[in-house]
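Listed here are the chains, written in short residue letters.
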Amino acid sequence: MTTPARKAILDNLQTTFESITTGNGYRTTITKVQPLARGYADVKTGERPFVGFVAGSETLEYQPFDLIRSTLSMSIIGHVSGSTQADRSTKLNNLIIDITRALNTDTTRGTNAIKTTVVSYETDEGDPDAKGDGSVLMNVSIVYQRSATAT
């Protein structure tokens, strides 16, 4: 029995985010990746830069020949630490660049998706007068197709 496309896509995201290291040509080395939404207060300093991802709503479009076109909304949460606001801002912007680049390296998620699109993101660069955290919440759309009768 083959792995369902949705599970294969989620597994691919884990592997994709784990590949973000300076040794692989990125600006950031991710310390911890989890298929879980965690707020910055729930991520220990030693676990940052952190990337979490969670599946959100999924819309289904029934097609001819027993097919379903699914659009999966994903939330990707990233947290960085910085000693100054400028340091945090640089690290946060590098993380955004790296996540976007990693997602666009293979938009088919290992041939399991039709396309992956970064739809939007918002940031919180933290208190400009204090040492602390910066965060990003990215919204990503992943379109894939599956059989209506198979899982």
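Because the structure is a prediction, the values reported are computed rather than measured.

Cut-offs used in this document
Residues numbered from 1 in each chain as written. Predicted model: local features only at pLDDT ≥ 70, side-chain atom pairs only at ≥ 80, totals over all residues. Heavy atoms only, no water. Helix = DSSP H or I, 4+ residues; strand = E, 2+ residues; numbered from the N terminus. Polar contact = N/O pair within 3.5 Å; in protein donor to acceptor, adjacent residues only side chain to side chain. Contact = heavy atoms within 4.5 Å. Pairing = 2+ DSSP bridges. Axes fitted to C-alpha atoms, helices over the stretch in contact; angles between N-to-C directions. Expected span 1.5 Å × (residues − 1). Buried < 20%, exposed > 50% of the residue type's maximum accessible area, 1.4 Å probe, protein only.

Visitor: Could you give an account of the side chain of Q34, naming the residues involved and the relevant values?
Guide: Its place among the elements puts Q34 in strand β1 (residues 32–34). Only 2.7 Å separates the side chain of Q34 from the side chain of R38, close enough to count as a polar contact. Those residues in contact with Q34 that lie beyond four places of it in its chain are Q14, F50, V51, G52 and F53.

Visitor: Can you lay out the sheet that holds strand β2 (residues 50–63) for me, pointing to particular residues and giving the numbers?
Guide: The strand order across the open sheet built from five strands is β1-β2-β3-β5-β4, with neighbouring strands paired in mixed fashion. With partners counted over all chains shown, the strands left at the sheet margins are β1 and β4 (115–124), one partner each. Each strand axis lies, on average, 20° off the axis of its neighbour in the sheet, ignoring direction. Examined bridge by bridge, β4 and strand β5 (residues 132–147) share nine bridges and lie antiparallel to one another. Paired with Y121 across the two strands is M138, which belongs to β5. Sheet contacts for helix α1 (residues 5–18): β1, β2, β3 (67–82) and β5; angle to β2, the most-contacted strand, approximately 150°. Docked against the sheet, helix α2 (residues 85–105) engages β2, β3, β4 and β5, running at close to 155° with respect to β3.

Visitor: I'd like a description of α1, backed by residues and values.
Guide: The end-to-end C-alpha distance of α1, which contains 14 residues, comes to 20 Å, matching closely the 20 Å that a straight helix rising 1.5 Å per residue would cover. Among all positions in α1, only A5, A8, I9, N12, L13, Q14, T16 and F17 are buried. Where α1 is buried, its residues contact β1, β2, β3, α2 and β5.

Visitor: Talk me through the side chain of S141; I want residue IDs and the actual numbers.
Guide: In this fold, S141 is placed in strand β5. In contact with S141, other than residues within four places in its own chain, are T71, L72, K115, T116, T117 and V119.

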